[in-house]
Amino acid sequence: MKRPRAYSERSSPSPKNLVTWKMIIYAQLIRLYNVIKNCITQQRHQEKPKIMKTSGEGIALIKKFEGCELNAYQCSADVWTIGYGHTRGVSEGDTCTKDDAEKILIDDLVEFEGYVNDLVDTELTQNQFDALVAWTFNLGPTNLKSSTLLTRLNSGDLDDVPHQIKRWNKAGGKVLDGLVRRREAEALLWLEEEWSHV
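Everything in this summary refers to the structure shown in the same document. Source: prediction; values computed, not measured.

**Remarks on the nonpolar core**
And then number 1: If you look at the biggest cluster of nonpolar residues, it comprises 37 residues, and the most contacted ones within it are Val 116, Leu 124, Leu 132 and Trp 190.
And then number 2: Put simply, the parts of the chain that give this core at least two residues each are helix H2 (56-66), helix H3 (98-119), helix H4 (126-139), helix H6 (148-154), helix H7 (161-167) and helix H8 (177-190).
And then number 3: The leading source of residues in this core is H4, at eight residues.
And then number 4: Among residues more than four places away in sequence, those in contact with Trp 190 are Leu 124, Asn 127, Gln 128, Ala 131, Leu 132, Leu 153, Leu 158, Val 161, Pro 162 and Ile 165.

Here you go:
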């Protein structure tokens, strides 16, 4: 009497099963690749863009419209001011030299460049950055942070920025010619057009 043939508990996989497993492994590798790719992309987007500095063109605009006063005075908003529009810690009777005013301006620019670099998510050209620093230098970071200008800019609507810049032409509720001219110059600078005639 013949003994029954012994079979292994593990049977050899069929060609069909091998193809199925290869497809599963391939799909998992593709998924892993996409996960890694997405992580790298997100990391790149989260990286801080390069820190921009104001060019000579932007500084020239600020100097033109701020003027340089060596004796403390009250600006149109009744804030004590000295040098090139410096306001922090200024009191009635304060004085400075022209060299002091230049040094203070350099320090102030670092501060206002920081606001623009931190708040703006959109990549800017040098002229656009200069225009925003000049605008913020005059109006302050709180106005920039809460402005429609910043909202439009960060949404990618760069074409509307010159219009938004020019809206801010009032002090004490009144439209001032000096602010109208300054906003026009900043808008022209944003557009990389000649502004010095304004």
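**Concerning the pairing of strand E1 (residues 69-74)**
And then number 1: Relative to strand E2 (residues 80-83), E1 runs antiparallel, the two being bridged by three bridges. Paired with Glu 69 across the strands is Gly 83, a residue of E2.
And then number 2: Joining the antiparallel neighbours E1 and E2 is a turn of five residues, in which Asp 78 adopts a positive phi near 65°.

**Remarks on unusual backbone geometry**
And then number 1: For Asp 78, which is not glycine, the phi torsion reads 65° and is therefore positive.
And then number 2: Mapped onto the fold, Asp 78 is located in the loop between E1 and E2.
And then number 3: At Glu 192, a position not held by glycine, the phi torsion is positive, near 60°.
And then number 4: Judged by relative accessible area, which is 52%, Glu 192 ranks as exposed.

Scoring rules and cut-offs
- Residues numbered from 1 in each chain as written.
- Predicted model: local features only at pLDDT ≥ 70, side-chain atom pairs only at ≥ 80, totals over all residues.
- Heavy atoms only, no water.
- Core = buried A, V, L, I, M, F, W, Y, C linked by side-chain atoms within 4.5 Å.
- Buried < 20%, exposed > 50% of the residue type's maximum accessible area, 1.4 Å probe, protein only.
- Helix = DSSP H or I, 4+ residues; strand = E, 2+ residues; numbered from the N terminus.
- Contact = heavy atoms within 4.5 Å.
- Pairing = 2+ DSSP bridges.

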